[in-house]
Amino acid sequence: MFFTPHIADARKARWEDPTLTWGLVPTMGYLHEGHLSLVRRARADNDRVAVSVFVNPTQFAPDEDLSTYPRDLEQDMRLLRAEGVDLAFVPSVAEMYGKGFQTTIVVQDVTKRLEGASRPSHFLGVATVVTKLLNIIQPTTAYFGQKDIQQTIVIRRMVADLNINSRIAVCPTMRESDGLAMSSRNAYLSSTERQAATVLYKALQTAKHALDRGERNGEHIRRVMRRLIHNERLARIDYVSLADIETLEELDMVETAAVASLAVFIGRTRLIDNLIWREL
Ligand code: AMP
């Protein structure tokens, strides 16, 4: 595995043989099985795989967890080597945002809801850094997790609008055995909080069951999810949503598909999760 913190070296490695297909998996590190599932999919689809590890400061608000975000680069590199990754691109903040940097990518509508409403500058940071990573590596396909569903919608929009020459693949959410979505931020949870965190998955399951039973009233389903979360003492709701799968507008009535999504604080840790429902 070739490791580099330098944009120029990563580019050179990528273009050594232009006939090969490349998959890119962008990450913020502290890798878990969720990240590795993306790496395996990229490995299966492509001749070569690149993984970036970069905790992007511009997608964190000043009051968020940038300074405490978990990091373990040595362990990350061990895991990536074991997966047969070809290129690990691990730039510094200075490498990515050099002196005089002043360009950002703004995706308009879909960034205003849900995560964007709670974290107003988040998607500016995400869209800009993902554009940079796609420009640096120029992958055939870039791989993202459904866990961050709004991010996948924003990135697909941006790639289409800006004619970026990479395919975007979205991979399923990997979960712990009790349903909790894997996340680097799970490392923040105490053992009682870890127990309480299962409430996100439980709330999504109640939404799924209601939809499977034929319930179509969006507000009713949101209320059922909220009630379940309220009963968990350590949980505090940021948002609970049942929305259109493309626009993320809240649904009054569900027709053939919907995405249930939520952001919940468990203690001081903010967790997100979602579930896509389609009529069979
Ligand atoms: P992060 O390091 O949290 O920025 O995540 C990097 C990529 O891994 C993103 O595309 C995430 O959506 C994806 N990812 C994170 N957690 C999971 C998970 N539990 N299952 C699948 N993909 C995930």
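None of these values were measured; they are calculated from a predicted model.

## Describing the environment of I229
Relative to the elements of secondary structure, I229 occurs in helix 10 (residues 218–230). The buried category is assigned to I229, whose relative accessible area is 0%. C-alpha separation for the pair I229 and T198, spaced 31 residues apart in sequence, amounts to 9.9 Å. Those residues in contact with I229 that sit more than four places away from it in its chain are V199, A203, A235, I237, V240, L262 and V264.

## So, the packing of helix 1 (residues 7–15) against helix 6 (residues 122–137)
Helix 6 packs onto helix 1 with a crossing angle of 50° between their chain directions and a minimal axis gap of 8 Å. Looking at the two axes, helix 1 sits oblique to helix 6. Touching I7, A10, R11 and R14 of helix 1 are N135, I136 and I137, all from helix 6.

## Some details on the sheet that holds strand 1 (residues 2–4)
The strand order across the open sheet built from six strands is 1-4-3-2-5-6, with neighbouring strands paired in parallel fashion. Unpaired on one side and paired on the other, strand 1 and strand 6 (167–171) mark the two borders of the sheet. Each neighbouring strand pair of the sheet contributes to a mean axis angle of 20°, computed without reference to strand direction. Where strand 2 (residues 22–27) lies against strand 3 (residues 48–53), six bridges are found, and the strand directions are parallel. From the neighbouring strand, V25 faces strand 3, where its bridge partner is V51. Contacts from helix 3 (residues 73–82) reach strand 1, strand 3 and strand 4 (87–89), with the element oriented near 170° to strand 3.

## Quick notes on unusual backbone geometry
With phi around 55°, Y30 is a residue other than glycine that occupies positive phi space. The residue Y30 is located in the loop between strand 2 and helix 2 (33–45) in this model. On the basis of relative accessibility, which here comes to 31%, the residue Y30 falls in the partly exposed class. Even without a glycine there, the phi angle at N163 is positive, about 55°. Position of N163 among the secondary structure elements: in the loop between helix 7 (149–161) and strand 6. Among the residues examined, N163 registers a relative accessible area of 65% and is labelled exposed.

## Description of the sheet that holds strand 9 (residues 269–278)
Across the sheet, which stays open at both edges, the three strands sit in the order 7-8-9 with antiparallel pairing between neighbours. Whereas interior strands pair on both sides, the edge strands pair on one side only; in this sheet they are strand 7 (235–243) and strand 9. Ignoring which end each strand starts from, the neighbouring axes of this sheet average 10° apart. Pairing between strand 8 (residues 257–266) and strand 9: ten bridges, direction antiparallel. The partner of S261 across the bridge, within strand 9, is N274. Helix 9 (residues 199–213) rests against strand 7, strand 8 and strand 9 of the sheet, and its axis sits at about 20° to strand 9.

What counts as what
Residues numbered from 1 in each chain as written. Predicted model: local features only at pLDDT ≥ 70, side-chain atom pairs only at ≥ 80, totals over all residues. Heavy atoms only, no water. Helix = DSSP H or I, 4+ residues; strand = E, 2+ residues; numbered from the N terminus. Buried < 20%, exposed > 50% of the residue type's maximum accessible area, 1.4 Å probe, protein only. Contact = heavy atoms within 4.5 Å. Axes fitted to C-alpha atoms, helices over the stretch in contact; angles between N-to-C directions. Parallel < 35°, antiparallel > 145°, perpendicular 65-115°, else oblique. Pairing = 2+ DSSP bridges.

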